Amino acid sequence: MTSAPTIPPPHPDPHVPSFKLPPKTCDTHCHIFGPNERYPYVPERPYTPPDAPLEMFRALHDRLGVERAVIVNATPHGRDNRVVTDAIAQSNGRYKGVANVDETFSDQDLRRLADAGITGCRFTFLPRLGKLPDMSSFDRIVERIAVLDWHVDLYLPATLLTDFRPRLTALPVPYVLDHMGVVDASLGLDQPAFQALLDLVRDDEKCWVKVTCPERISRAGPPFHDVAPFGKALIDAAPDRVLWGTDWPHPNVPVMPDDGDLVDLIPLYAPDPHIRQKLLVDNPVRLFRFAE
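Residues numbered from 1 in each chain as written. Predicted model: local features only at pLDDT ≥ 70, side-chain atom pairs only at ≥ 80, totals over all residues. Heavy atoms only, no water.

Enquirer: Residues and numbers for the packing of aromatic side chains, please.
Expert: Scanning the model with the defined rule gives seven aromatic pairs in all. For the ring pair Phe 33 and Tyr 47, a centre distance of 6.4 Å and an interplane angle of 85° mean the geometry is edge-to-face. Taken together, the positions of Phe 33 in the loop between strand E1 (26-30) and helix H1 (54-64) and Tyr 47 in the loop between E1 and H1 put the pair 14 residues apart, joining distant regions of the chain. Phe 33 sits in the buried class, given a relative accessible area of 1%. (Phe/Tyr/Trp six-rings, centres within 6.5 Å; stacked < 30°, edge-to-face > 60°. Helix = DSSP H or I, 4+ residues; strand = E, 2+ residues; numbered from the N terminus. Buried < 20%, exposed > 50% of the residue type's maximum accessible area, 1.4 Å probe, protein only.)

Here is the structure:
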């Protein structure tokens, strides 16, 4: 596969947000890509990103006012989690990570990742990102990570929740649903997929949800205000189990967002400052085990 990027780079000059983030705000879903010569992209990757290395990552967060982050290892790096663990090692406790693992990882390998600041592992259920997980393997991995007090991060469209709900509610670990279930904002709050997501997050104390990626959900485009009611509904349903993040550098999005717009959506999701503190600071501390 060519090493030339097949997706666009992030916004080159996001604006400084009007909304000032509180101290210790955590971006709970973001990625670092490369540099490719140091952290090679795997041959079987579904897309080739432009490098978005640690220096760019730090500069973006400095501009936005973000102090903490959870780096999610993305598909192009495969099961090589060094791009995440190396960044954590340089962060003075400001970063945690979510790894990509499979059954070739020994218990010792998983323990090393935990010691390096990894607090969960991710599975994707989108065909465009590669072969769907083998569910028997998924179950075995989840059983093994339970002893590490990890969570499992799921890129699982809400349209599949009716089928997956029995399996999710039986999980022995907390689970996080990415990107508001990637629902279609044009279908409204009453659409069955979003109602299934709301019901699950209300009913299952193990279920967390990320209020992220409005650019994937919006049909109105920037600044994505049509997504605000969805974020607010999720936060109202489970204010102690919602998380916010940017998804920087925004791989495979229909429109590249200005990250300042993503921060400025937060008061629309959570008008109450007490709830915003939970969303941005307190909830990430609990799930990812940051120092207080």
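So, next bit.
Enquirer: Which residues make up the pairing of strand E2 (residues 68-72), and what values do they have?
Expert: Extensive coverage of E2 is indicated by the burial of five of its five residues. The two faces of E2 match: Arg 68, Val 70 and Val 72 on one face and Ala 69 and Ile 71 on the other face are all buried. Taken together, the three bridges between E1 and E2 define a ladder with parallel strand orientation. What sits directly across from Cys 30, in E2, is Ile 71. Note that the unit made of E1, H1 and E2 has a crossover that is right-handed. (Pairing = 2+ DSSP bridges. Right-handed = clockwise from strand over helix to strand, strands pointing away.)

Enquirer: Describe H1, and please don't skip the residues or the numbers.
Expert: Counting along an α-helix, one turn takes 3.6 residues, and residues three or four places apart therefore face a common direction. Within H1, the full set of buried residues consists of Leu 54, Phe 57, Leu 60, His 61 and Leu 64. Buried residues of H1, seen end-on, are gathered within an arc of 125° and therefore sit on one face of the element. For H1, the exposed residues lying more than 90 degrees away from the buried face are Glu 55 and Asp 62. Buried-residue contacts for H1 involve E1, E2, helix H2 (82-89), strand E3 (95-99) and helix H9 (259-264). Looking one or two residues past H1, Gly 65 carries a phi angle of roughly 90°, positive in sign. (Arc of directions from axis to C-beta. Contact = heavy atoms within 4.5 Å.)

Enquirer: Describe in detail the environment of Tyr 47, supporting the description with residues and values.
Expert: Judged by its relative accessible area of 6%, Tyr 47 is buried. With 42 residues separating them along the chain, Tyr 47 and Pro 5 place their C-alpha atoms 7.7 Å apart.

Enquirer: Can you lay out the pattern of salt bridges for me, pointing to particular residues and giving the numbers?
Expert: The full count for this structure, using the stated rule, is 20 salt bridges. Each of Arg 122, Asp 153, Asp 178 and Lys 210 takes part in one network of salt bridges that share partners. (Salt bridge = Lys/Arg side-chain N within 4 Å of Asp/Glu carboxyl O.)

Enquirer: An account of the sheet that holds strand E4 (residues 118-124) is needed here, citing residue identities and associated values.
Expert: Taken in spatial order, the eight strands line up as E1-E2-E3-E4-E5-E6-E7-E8 in an open sheet, and their pairing is parallel. Two strands close off the open sheet at either side, each with one partner strand: E1 and strand E8 (242-244). Going across the sheet, the axis of each strand differs from the next one's by a mean of 25°, ignoring polarity. Pairing between strand E6 (residues 175-177) and strand E7 (residues 207-211): three bridges, direction parallel. Bridging across to E7, Val 176 finds its partner in Trp 208. (Axes fitted to C-alpha atoms, helices over the stretch in contact; angles between N-to-C directions.)

Enquirer: So, the environment of Gly 188: which residues are in play, and what are the values?
Expert: Summarising the element assignment, Gly 188 is placed in the loop between E6 and helix H6 (192-203). For Gly 188 and Pro 229, which are 41 residues apart along the polypeptide, the C-alpha to C-alpha distance reads 9.1 Å.

Enquirer: Could you give an account of the nonpolar core, with specific residues and numbers?
Expert: Membership of the largest hydrophobic core comes to 86 residues, with the highest contact counts inside it found for Val 152, Leu 154 and Leu 177. In terms of residue count, the dominant contributor to this core is H6 (seven residues). Not counting residues within four places of it along the chain, the set of residues in contact with Leu 177 comprises Leu 154, Leu 156, Leu 161, Leu 197, Leu 200, Cys 207, Trp 208, Val 209 and Lys 210. Grouped together as the second largest cluster of nonpolar side chains are eleven residues, Cys 26, Val 72, Val 98 and Trp 208 included. (Core = buried A, V, L, I, M, F, W, Y, C linked by side-chain atoms within 4.5 Å.)

Enquirer: Tell me about helix H11 (residues 273-288), residues and numbers included.
Expert: For H11, with 16 residues, the first-to-last C-alpha span of 22 Å sits near the 22 Å given by 1.5 Å per residue. Most pronounced at Leu 279, the bend in H11 amounts to some 45°. The set of residues buried in H11 consists of Ile 275, Arg 276, Lys 278, Leu 279, Leu 280, Val 281, Asn 283, Pro 284, Val 285, Leu 287 and Phe 288. The opening residue of H11, the one whose side-chain oxygen lies 2.8 Å from the backbone nitrogen of His 274, is Asp 272. Positioned one or two residues after H11, Arg 289 has a phi angle of 65°, which is positive. (Expected span 1.5 Å × (residues − 1). Bend = angle between axes of the 7 residues up to and from the residue. Polar contact = N/O pair within 3.5 Å; in protein donor to acceptor, adjacent residues only side chain to side chain.)

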